[in-house]
Amino acid sequence: MTTSNPTSTLPPNPTPATLNPPVSPDAQGAPDAAEAERLRRWRLVLGGESADGTGVQLRGQDAAMDGALGSLYGKGDRAAKGRDRSAGLGASAPSVARWLGDIRKYFPSSVVQVMQRDAIDRLGLSALLLEPEMLEAVEADVHLVGTLLSLNKAMPETTKETARAVVRKVVEDLEKRLASRTRATLTGALDRSARVSRPRHRDIDWNRTIAANLKHYLPEYGTVVPERLVGYGRASQSVKKEVILCVDQSGSMAASVVYASVFGAVLASMRSLSTRLVVFDTAVADLTEQLDDPVDVLFGTQLGGGTDINRALAYCQSRISRPADTVVVLISDLYEGGIRDGMLKRVAAMKASGVQFVTLLALSDEGAPAYDREHAAALAGLGAPAFACTPDLFPEVMAAAIERRPLPIPDVA
C-alpha cells in the first residue's frame, strides 16, 4: 500500500526554491521569523530524528500533531526491517480511541481517512474495528467500508449493527453525490437510443435536426427549412436496455465493489433499465434481488479469495435474452484463475451476438490497480478495451455503451 504523507496538509512544506525568498528591507525582524517557520515545517516533515538537523523543539499543538504522526509513522521504517511494529498506539482500544480523537482534532477529514487506512495496514488494527466503540470513532469512507466487509464473517453480533450504520452512512453519501447525475445522463441516452423520423413537436431533437438540414439554410430569411426531422423516442414504461454488472470481489477490488453496489441500486431504480448485479470470486453470486438496498448488497459480498472470470461470464451469458439491447460491464483486475481462453471466447461470442461489452479495471477514484496486462491487451483486440473508471465518469461510460458510440476512455498518458 502506498502511504500518503499527511503532513502535506500542514502549511506548505519548504522546498529549495523557497528557502531564501526575497525579504523587504522594511520588514524589521522578518528574516528571523521566516527562518523559524521554515525550520518548524521541516521539523514536522522530518519527524525529529537525530539526523533531521533542525534543532527545533515543538510545543503546544505542534507537539500534539507531531505525537499523533509519530505514533503511526515514527517507526514505520524499523517495522519494515522486522523491528518493533507497535509504533506508539499499542494494542488497547482506549489508546487507539484517543489517537483517533487527536487526528480528527488536528487534521482535515481527507487526511484522517488516509491515516486511518495507514494505521490499519501498518499496525494491524483491523481487529479493533470489530469493537463498536472503535467504529463510532472512525471517519467513515469507501476504504473503511471495504475493510469492514472483509471482516464481515469475523464480526461479532454486537458490532454488526454499528458496522451497518457506518456502511449506510457512506452509501447514502455516495448516492447523494452520484444518483441524480447518473439518472439524468442515462435517461437522455435511453431516449436518444430510440430515435424516430417523424417525431411530434415536443419530441424533436432540434440540435440534430438543424445539423441534418444545414444545406437547406435560406440566408434571405435567416432560417433553416427542415426537410427531415430528427426526434427522440417518447419515454415509455417498457424496458429498453438490459444491464449486467459483473463485479470481481477479490480483495484488491474493495472500493470498486462499494461503488458498483451503489450504481447498481441507482440503475435498478430506472424503469427503462433491467439491471442485474453479479459478484464473483471462484464462485458466482447473483445479488439482483437485493439491489433495492445497496447495504444489503455489500453485506452479501465476501471480499477476498480467488478469481474465476470465465465462470462468472458464463453465468452472465446464460442470463442474456436480448443481446442487441444488453450492456455487460465486467469490473475486474483481470487476474484470471479460471480458463483464460474460455473467458476470451465468451467475450467474443457476446460481442458477436450484439452485446455491448465494457471492461473496467477499477471503478474508484484511485485509478487502475495492478492488473493482468496480457488479458487487457487480448480484450482490447476483441474490441473491449480495459481501463480504469472514476465514479464521476461512469454515467458517461454507460451512456456511450447504451447509445453504441465510442466509450470516453480517459487519457492515461
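Our subject is the structure that appears above.
What you see is a predicted model; the values in this text were computed from it and never measured.

Right, let's get into the pairing of strand S7 (residues 356–363). With respect to burial, S7 is a largely interior element, eight of its eight residues being buried. Relative to S7, strand S6 (residues 326–331) is paired through five bridges, and the arrangement is parallel. Across the sheet, the residue bridging to Leu330 is Thr359, located in S7. Tracing the backbone out of S6, into helix H13 (residues 340–352) and back to the parallel element S7 gives a crossover that is right-handed. Bridge count for S7 against strand S8 (residues 386–389) is four bridges, and the pairing is parallel. Paired with Ala362 across the two strands is Ala388, which belongs to S8.

Time to look at the pairing of strand S4 (residues 273–280). Most of S4 is tucked away: six of the eight residues are buried. In this sheet, S4 lies alongside strand S3 (residues 241–248) in parallel orientation, the contact comprising eight bridges. When the sheet's bridge partners are listed, Cys246 is paired in S4 with Val278. In this region the chain leaves S3, passes through helix H10 (residues 254–268) and returns to the parallel neighbour S4; the handedness of that crossover is right-handed. The sheet contact formed by S4 and strand S5 (residues 284–286) spans three bridges and is antiparallel. Looking at the pairing, Phe280 lines up with Val284 of S5. Count of turn residues in the S4/S5 antiparallel hairpin: three residues.

About the cut-offs
In this convention, every chain numbers its residues from 1, walking through the sequence in written order. The predicted nature of this model means local features are confined to residues of pLDDT at least 70 and side-chain atom pairs, given and counted, to a pLDDT of 80 or more, with totals for whole chains, interfaces and linings taken over all residues. Excluding hydrogens and water, the side-chain figures rest on all heavy atoms present in the structure. Throughout, exposure labels follow a simple rule: accessible area from a 1.4 Å probe, protein chains only, divided by the maximum for the residue type, with under 20% read as buried, over 50% as exposed, and the rest as partly exposed. The helix count covers DSSP runs of H or I at least four residues long, the strand count covers runs of E at least two residues long, and both are numbered beginning at the N terminus. Whether two strands pair depends on DSSP finding at least two bridges between them. With the strands aimed away from the viewer, a crossover counts as right-handed if its path from the first strand over the helix to the second runs clockwise.

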